[in-house]
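Structural characterization, general
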Amino acid sequence: MEQLETLKDLILPVLDSLDIQLYDLKWVNDKKARILQIAVMRADGSMDIDTCALVSEKISEVLDAHDDLIRSEYFLEVCSPGAERELRSPQEIEASVGKHIHVRLKSPVKNMMEITGDLQTVDGSTLTVSYRDKAVSRTVQFDLEQIDLIRLAVKI
């Protein structure tokens, strides 16, 4: 973990200069390959392949200048966190008001354990989600503590 924090300290200024946000930084083992995976996005949550390539190039330069930090062979992977990324904090949830989400609850609310719909409001620790039940539009409210998992969802 200490190494990831040091890497994060090196990477953040590069991302800031490009107006890109860090979503996640982790080591991934894929068979014999060791991968430093860096998930990034713009403030609006979007990302494109050209920007990932640019970020990868800039981060590679910084990591090459600090080659004593990572002593073994590795691959660098810069990617988007994805269209259905998990919302990991109250701030990320609040920033997603108006977006389509999927929620898995710890206990049923209105006889539902899972809800997919549009996040209408976040008022303190209470979320309001509008969803479709057959041909009828409905809303449901629940507290942050009731959430087992919340992520963005692609509307089909």
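In this text, all values refer to a predicted model and were calculated from it rather than measured experimentally.

Cut-offs used in this document
Residues numbered from 1 in each chain as written. Predicted model: local features only at pLDDT ≥ 70, side-chain atom pairs only at ≥ 80, totals over all residues. Heavy atoms only, no water. Pairing = 2+ DSSP bridges. Helix = DSSP H or I, 4+ residues; strand = E, 2+ residues; numbered from the N terminus. Axes fitted to C-alpha atoms, helices over the stretch in contact; angles between N-to-C directions. Contact = heavy atoms within 4.5 Å. 1 Å grid on protein atoms, 1.4 Å probe; cavity = no way out; pocket = protein on both sides within 12 Å on 5 of 7 lines; lining within 4 Å. Points joined across faces, edges and corners; volume = space filled by probe spheres on them. Nonpolar A, V, L, I, M, F, W, Y, C, P; charged D, E, K, R; others polar. Expected span 1.5 Å × (residues − 1). Bend = angle between axes of the 7 residues up to and from the residue. Buried < 20%, exposed > 50% of the residue type's maximum accessible area, 1.4 Å probe, protein only. Phe/Tyr/Trp six-rings, centres within 6.5 Å; stacked < 30°, edge-to-face > 60°. Lys NZ or Arg CZ within 6 Å of the ring centre and 35° of its normal.

1. Some thoughts on the sheet that holds strand β6 (residues 126–133)
The antiparallel open sheet is built from five strands, whose spatial order is β7-β6-β5-β4-β8. Taken across any chain shown, the strands that pair with only one partner, and hence form the sheet edges, are β7 (136–143) and β8 (147–152). Neighbour-to-neighbour, the strand axes of the sheet open up by a mean angle of 40°, direction not taken into account. In this sheet, strand β5 (residues 112–123) lies alongside strand β4 (residues 100–109) in antiparallel orientation, the contact comprising six bridges.

2. Describing the sheet that holds strand β3 (residues 75–79)
Pairing is mixed across the open sheet formed by three strands, whose spatial order is β1-β2-β3. Among the strands making up the open sheet, the edge pair consists of β1 (21–30) and β3. For this sheet, the mean inter-axis angle between neighbouring strands, taken without regard to orientation, is 20°. Its contacts with the sheet place helix α1 (residues 2–17) against β1 and β2 (33–41), and it is angled at close to 135° to β1. Across the face of the sheet, helix α2 (residues 49–65) comes into contact with β2 and β3 while running at roughly 145° to β3.

3. Focus: the pairing of β5
As a general feature of sheets, a regular strand has side chains that alternate between the two faces. Here β4 hands over to β5 after two residues, with K110 in that stretch at a positive phi of 50°. Where β5 meets β6, five bridges bridge the pair, whose relative direction is antiparallel. If you follow L119 over to β6, its bridge partner there is V129. With antiparallel pairing between neighbouring strands as the criterion, β5 and β6 make up a hairpin whose turn holds two residues, including G124 at a positive phi of roughly 70°.

4. Describing the layout of surface pockets
A volume near 190 Å³ is recorded for the largest pocket. Lining the largest pocket are 14 residues; nearest its centre among them are M41, A43, R85, E92 and A95. Put simply, the parts of the chain that give the lining of the largest pocket at least two residues each are β1 and α3 (90–94). Each residue belonging to the lining of the largest pocket can be placed in one class, and the counts come to six nonpolar, four polar and four charged.

5. What to know about α1
Under the 1.5 Å per step criterion, the end-to-end length of α1 is 24 Å for 16 residues, consistent within 8% with the ideal 22 Å. Where α1 bends most, the angle comes to about 30°, and this point is I11, followed within four residues by the proline P13. All buried positions along α1 are accounted for by L4, L7, L10, I11, V14 and L15. Immediately downstream of α1, the backbone of D19 shows phi near 60°, a positive value.

6. Section: the packing of aromatic side chains
Per the stated rule, a full pass over the model turns up one aromatic pair. Ring plane angle 85° and centroid distance 5.8 Å describe the contact between W27 and Y74, whose orientation is recorded as edge-to-face. Here Y74 lies in the loop between α2 and β3 and W27 lies in strand β1, a separation of 47 residues in the sequence. Over the aromatic face of W27 sits the side chain of R34, whose NZ or CZ is 3.8 Å from the ring centroid. Looking at R88, its charged tip hangs above the ring of Y23, at a distance of 3.6 Å from the centre.

7. Quick notes on the environment of L144
With respect to the helices and strands, the residue L144 is situated in the loop between β7 and β8. On the basis of relative accessibility, which here comes to 22%, the residue L144 falls in the partly exposed class. Along the sequence, L144 and S17 sit 127 residues apart, while their C-alpha atoms lie 34 Å from each other. Excluding residues within four positions of it along the chain, L144 makes contact with P90, I93, S125 and L127.

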